[in-house]
Amino acid sequence: MFIKDYLKKVLAEPYYKNKNKRNQAKNLKATFEKEMYYINSKSIIEEKTLQLLIKAHGYEKAIALNNKSFLSNFTALNNIIKDVDFLIKNGISNNSYVIKETCSVLKAVTAYLEKENIDCSEIIPAFEDLISEHKIISDLNAGTFTIKKSEIEKARAFDYKTFVKTRHSIRHFTNKIIDENTILDIISTASYAPSACNRQPNKVYYSTSPKTLKEISKYISDQKVVNENIYNYFVLTSDRHMFPKYETFQYFINGGIFLSYLVESIHSVGLGSCIFQSHINSKNEQGLKALLNIPEYEVIIAIVGFGEPLENETCLYAQRKNISDIAIKK
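Residues numbered from 1 in each chain as written. Predicted model: local features only at pLDDT ≥ 70, side-chain atom pairs only at ≥ 80, totals over all residues. Heavy atoms only, no water.

Scanning the protein chain for helices and strands turns up 15 helices and four strands. For the C-alpha atoms alone, the extent of the protein chain along its principal axes is close to 65 × 55 × 50 Å. In the protein chain, which comprises 330 residues, the share counted as buried stands at 38%. Taking the intrachain contacts of the protein chain between residues at least 6 apart in sequence as the baseline, contacts between residues at least 24 apart amount to 80%. Just so you have it, the protein chain exposes about 20000 Å², and 54% of that area is on carbon and sulfur atoms. Each charge class in the protein chain can be summarised by its mean position, and for the 44 positive and 37 negative side chains these summaries are 9 Å apart. (Helix = DSSP H or I, 4+ residues; strand = E, 2+ residues; numbered from the N terminus. Buried < 20%, exposed > 50% of the residue type's maximum accessible area, 1.4 Å probe, protein only. Contact = heavy atoms within 4.5 Å. Areas by Shrake-Rupley, 256 points an atom, 1.4 Å probe, with all protein chains shown as cover. Lys, Arg positive; Asp, Glu negative; His and termini not counted. Charge placed at Lys NZ, Arg CZ, Asp CG, Glu CD.)

So, on to the sheet that holds strand β1 (residues 202-206). Spatial strand order, β1-β2-β4-β3: four strands in an open sheet with antiparallel pairing. Bordering the open sheet on either side are β1 and β3 (272-277), each of which pairs with just one other strand. Ignoring strand direction, the axes of neighbouring strands in this sheet form an average angle of 25 degrees. As defined by bridge partners, strand β2 (residues 232-239) adjoins strand β4 (residues 298-307) across eight bridges and the pair is classed as antiparallel. Within β4, the position partnered with Phe234 by the bridge is Val304. Of the strands in this sheet, β1, β2, β3 and β4 are in contact with helix α13 (residues 250-268), which crosses β4 at around 15 degrees. Sitting on the sheet, helix α14 (residues 283-292) touches β1, β2 and β4, and the angle it makes with β4 is about 80 degrees. (Pairing = 2+ DSSP bridges. Axes fitted to C-alpha atoms, helices over the stretch in contact; angles between N-to-C directions.)

Right, let's talk about unusual backbone geometry for a bit. In this model, Cys197 sits at a positive phi of 50 degrees, which is unusual for a non-glycine residue. Here Cys197 lies in the loop between α10 (180-190) and β1. With a phi close to 40 degrees, Ala318 is a non-glycine residue in the positive phi region. Exposure remark for Ala318: the relative accessible area of 44% places this residue in the partly exposed category.

Time to look at a nonpolar patch on the surface. On the surface, a cluster of nonpolar side chains totalling about 420 Å² of accessible area is made up of Tyr192, Ile253, Ile257 and Tyr261. Mapped onto the secondary structure, Ile253 falls in helix α13. (Patch = residues over 30% accessible without salt bridge, like charges linked within 9 Å, V, L, I, M, F, W, Y side chains within 5 Å. Salt bridge = Lys/Arg side-chain N within 4 Å of Asp/Glu carboxyl O.)

Among the eight residues in β2, eight count as buried, and that is most of the element. Of the two faces of β2, the one holding Asn232, Phe234, Leu236 and Ser238 and the one holding Tyr233, Val235, Thr237 and Asp239 are both buried throughout.

Written as structure tokens, this is what we have:
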């Protein structure tokens, strides 16, 4: 509500006497309208795909919460089966994540209902016909599993405080191009970042071509840093179409969460990194999207320079605020 009220106030004053303020208002309006366009521009297929993922995650949560009344709503379950059928018949692969994930969840739901002695014979034939007709292999883990408290407490053995304190923004690297196996290992680890309803809206664009990497560097605003200092880049994006219009700008939040995991994953393999902001609705954003063939409905969250650190690196102190400025007790 704050964002909407603020925009109403700013956009209602287009004729500032000050030219800079007038231009800022115009840019803000253009940016807001652009974001709203992409949020609302989903096709029927994209909208149904999104809603299917949200529903599937909701059923998994219902199993964890032992919500029998929610899980035994066979009308809703039948509608999910119909949606899966609709999507496959309209071009979504039977091997796609959304189809396999949804069918794995449906499989877990029927197993839960049978375990709880709830008659689900009304839903099983329709589900089995769906699997058979479209040859769906629902081999993803779905539902819930049990983890002991002792397993969680093993995390104490990992010195996370030291780990995060030894991660710094590194701005000078050797000219070594990081190999693809290491890159995929970094991204795979970062993919464990939590996301809204497990939608996983983020993508990481990368290259091992020195020419392409050099081109990427041209679209970073802080050229003083990147010039001849950084030789590897990740470009992190978030898919606007993975969020309905009532989740205004939530793709930025999900992107920020993934970004944190990404730089920590880079650190975990002994490489350094530095985050560069990306400004939406700018020439740099458009140029970078054209270079890497990034779809318009994806927003660039950040560019991350990374690589093999020098033997000795000059780092900023970047002093942390006092804890009293961060932890606010009420």
